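Structural characterization, general
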Amino acid sequence: MFSVTKNVVERNIKKVYGIPDKSKPSAGNETTAKAASAKLNFTSSKEVHEKVLETLGRIAAKGDETKVKQHAEVLGKSSLLKDFDTLLRQYGFNSSNMADVFAAYTILSWQAITGTDAAKYKTGIEAFRQNMHSIMDNNEQLQKATNAEKQQLSETLSYLAMIFSYASQEQLKTKNEKALAVTREYIRRGVIRVSGIDLSQYEFTDAGLLPKK
């Protein structure tokens, strides 16, 4: 699913980031006028959740099989998914919808990379959310995704988004500039692997997430 969503986003980059296509006549901003679809909603299962924790545990263990279970258990006992859900609800997002999660992951990652708060651009947040829905909701490949696939991708991105956010916030507090620079570069590269987008080259405005001029 990660490769599928990356391809979908890359192929529709102009629409995702609200960039006008000058080759076509303008028909107004239709994406911000309609409600976000529930087509990519999923129902969580314990089995898939455990699989996500194991995958993230392996990433955190960095090849040390003896530490996979330990890292998975720490994540499982954390409040990261709850925190993510609470944050999304403030903006009307649904943490059980793949398009909403993908949009939130991108926005939170942008914040972590730039050290800038996107919350002051509520109109832009909603615009970006709607743009993401406009390309994901009716995509044939994504429509074929199973409930388990949607949950696995969404929960993985949810955990990563909160880990990125808390790590950067903590390093800002401690003024550990070297560690912060490493973390931001790690996040930047991670987002590129997921979406093909280098967020360091984008800015947030009331119109959404747009390429820097």
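Residues numbered from 1 in each chain as written. Predicted model: local features only at pLDDT ≥ 70, side-chain atom pairs only at ≥ 80, totals over all residues. Heavy atoms only, no water.

How two helices sit against one another is set out by the angle between their axes and by the gap between those axes. Viewed as axis vectors pointing N to C, helix 3 (residues 46-61) and helix 4 (residues 68-77) meet at an angle of 120°, and their least axial separation amounts to 7 Å. In terms of orientation, helix 3 lies oblique with respect to helix 4. The interaxial crossing formed by helix 3 with helix 4 has right-handed handedness. Contacts between helix 3 and helix 4 involve Leu53, Glu54, Leu56, Gly57, Arg58, Ala60 and Ala61 on the former and, on the latter, Val68, His71, Ala72, Leu75 and Gly76. Residues of the contact of helix 3 with helix 4, tallied by class, amount to seven nonpolar, three polar and two charged. (Axes fitted to C-alpha atoms, helices over the stretch in contact; angles between N-to-C directions. Helix = DSSP H or I, 4+ residues; strand = E, 2+ residues; numbered from the N terminus. Parallel < 35°, antiparallel > 145°, perpendicular 65-115°, else oblique. Left-handed = near helix turned anticlockwise from the far one by under 90°. Contact = heavy atoms within 4.5 Å. Nonpolar A, V, L, I, M, F, W, Y, C, P; charged D, E, K, R; others polar.)

Our focus in this paragraph is the pairing of strand 1 (residues 202-205). Alternating residues of strand 1 divide into Tyr202 and Phe204, all buried, and Glu203 and Thr205, none buried. From the end of strand 1 to the start of strand 2 (residues 208-211), which pair antiparallel, there are two residues. (Buried < 20%, exposed > 50% of the residue type's maximum accessible area, 1.4 Å probe, protein only. Pairing = 2+ DSSP bridges.)

This part is about the packing of helix 6 (residues 98-114) against helix 10 (residues 177-195). At their nearest, the axes of helix 6 and helix 10 sit 9 Å apart, and the two run at 155° to each other. In terms of orientation, helix 6 and helix 10 fall into the roughly antiparallel class. The element helix 6 and its partner helix 10 pack so that their crossing is left-handed. The segment helix 6 lies against helix 10, with Phe102, Tyr105, Ser109, Ala112, Ile113 and Thr114 engaging Arg184, Ile187, Arg188, Gly190, Val191, Val194 and Ser195. A breakdown of the residues in the contact of helix 6 with helix 10 according to their chemical character gives seven nonpolar, four polar and two charged.

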